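# Descriptive analysis of the structure
One-letter residues, chain by chain:
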Amino acid sequence: MQSAQVTKQYIKLPPERKYENELSALIVQDSGPKPDGWKLSPKSVRKFILGAPELGITQKVFGNDDLVERSIITLIGNQGLMLVGEPGTAKTLLSELLSSAISGDSRLTIQGTAGTTEDQIKYTWNYALLLNEGPCEKALVPAPIYEGMTQGKLVRFEEITRCPAEVQDSVISILSDKQLLIAEWGDSGRILARQGFNLIATANLRDKGVNTMSSALKRRFNFETVQPLTDLDFEVELVMQEVTQQFNWQQYQVELPTDLVTMLVQAFQELRGGTSKDGIDIKRPSTVMSTAEAVNLLYGAGLRSAYLGIGKVTAEDIASQLIGVVLKDDADDRKKLAQYFNTVGQERARRNKHWKTLVNAIGKLS
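What counts, and at which threshold
- Residues numbered from 1 in each chain as written.
- Predicted model: local features only at pLDDT ≥ 70, side-chain atom pairs only at ≥ 80, totals over all residues.
- Heavy atoms only, no water.
- Helix = DSSP H or I, 4+ residues; strand = E, 2+ residues; numbered from the N terminus.
- Buried < 20%, exposed > 50% of the residue type's maximum accessible area, 1.4 Å probe, protein only.
- Arc of directions from axis to C-beta.
- Pairing = 2+ DSSP bridges.
- Axes fitted to C-alpha atoms, helices over the stretch in contact; angles between N-to-C directions.
- Contact = heavy atoms within 4.5 Å.
- Salt bridge = Lys/Arg side-chain N within 4 Å of Asp/Glu carboxyl O.

## Let's talk about the environment of Tyr-127
By the element assignment, Tyr-127 lies in helix H8 (residues 127-133). The spatial distance from the C-alpha of Tyr-127 to the C-alpha of Arg-334 is 51 Å, given a sequence separation of 207 residues.

## Quick look at helix H3 (residues 20-29)
Every buried residue of H3 is accounted for by Glu-22, Leu-23 and Leu-26. Angularly, the buried residues of H3 cover 95 degrees about the axis, an arc narrow enough to put them on a single face. Exposed and oriented more than 90 degrees from the buried face of H3 are Ile-27 and Val-28.

## Quick look at the sheet that holds strand E5 (residues 154-158)
Sheets are built from strands paired through backbone hydrogen bonds, the pairs being either parallel or antiparallel. What the five strands build is an open sheet, ordered E2-E5-E8-E1-E9; its pairing is parallel. Only two strands of the sheet have a single partner each, and these edge strands are strand E2 (109-111) and strand E9 (221-226). Strand-to-strand twist in this sheet, taken as the mean axis angle between neighbours without regard to direction, amounts to 20 degrees. Bridge analysis of strand E1 (residues 80-85) against E9 gives six bridges, and the strand direction is parallel. In the strand pairing of E9, Leu-83 is matched with Glu-224. Contacts from helix H5 (residues 65-76) reach E1, E5, strand E8 (198-204) and E9 within the one sheet, and its direction differs from that of E9 by about 165 degrees.

## Here's the deal with the pattern of salt bridges
Any two side chains of opposite charge can pair if their charged atoms end up close together. All chains considered together, the criterion is met by 18 salt bridges. The partner of Glu-16 in a salt bridge is Arg-107, with the nearest N and O atoms 3.7 Å apart. Here Glu-16, found in helix H2 (residues 15-18), pairs with Arg-107, found in the loop between helix H6 (91-103) and E2; they are 91 residues apart in sequence, far enough to count as distant. The partner of Glu-22 in a salt bridge is Lys-60, with the nearest N and O atoms 2.6 Å apart. Of this pair, Glu-22 sits in helix H3 while Lys-60 sits in the loop between helix H4 (42-50) and H5, and the two are 38 residues apart along the sequence. Both residues of the pair, Glu-22 and Lys-60, count as buried. Taken together, the salt bridges that share partners define one network made up of Lys-12, Glu-96, Arg-156 and Glu-158.

Structure representation (structure tokens):
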């Protein structure tokens, strides 16, 4: 893996570069059967994602080992893989890791938006060359599907339900026939997918009605639902690990008290679940109180502490970031947040100094 001095200049590295040493170690010891076009065997892909301490391989996805295994098996077959779930449940992370381990490349990505067009998925043309030399290979500008098919690699389609239905359906024939037609090339324009090609798509359950997938497209995918974490101790450990890694990556010297992380994670679990551990009903905010959001919030609190505070995350640091996470664009969320801290928070503030500090800080900021 590259040194911290070199990698610090980048905000985020793709997994195939971030975990370069781990992937190399797995390749060296990999003796299992590999599907055609795969860089690693399915057993080694599993180790890369779920960890193998004896080989120095860290665990990267937590909470559902069976889902990871089913995802790997799906990608061996002819069906595409559809990962669905609430925002922040590591769907994108899992698709990146699968692509890195199987194809050695996670960058063949289509980002679904309302403005995504079919040529951004398949291919387009360099129109200056097209006019000058005609529809030759030199004039073709490949998009992720074309590259994935010709190179035998996985393609990632993020937020597929954000695309218009006709754009979504443009991948039906590709998933069924494993070929791409380039009409301008005539008889030679039939591109056959090489072994190793497949599609991993993600869809956000909060966007379920944005652009509903057709039943024909659904039949081309195996669906896996990624659930949020529910075990408090486990989620606290995971959040601590992820935030500490980010601090170390950027070489920030910030102390992160475990009791403050526990307090935040518990609040997130209760706000997204609608009930406190004491049985008090809570109005859930419209924003998603996910594990990923908790990590982002604590990282922001750490930056505040490093640059504006004492180098140790405090309840005030957390409160300043919590407002921005929860209170996005829904005015009702302000009332829901106030209700939570005026009921659950106030009761705990009588027994816990951190809760008292957080409740007081929220009251000042909101």
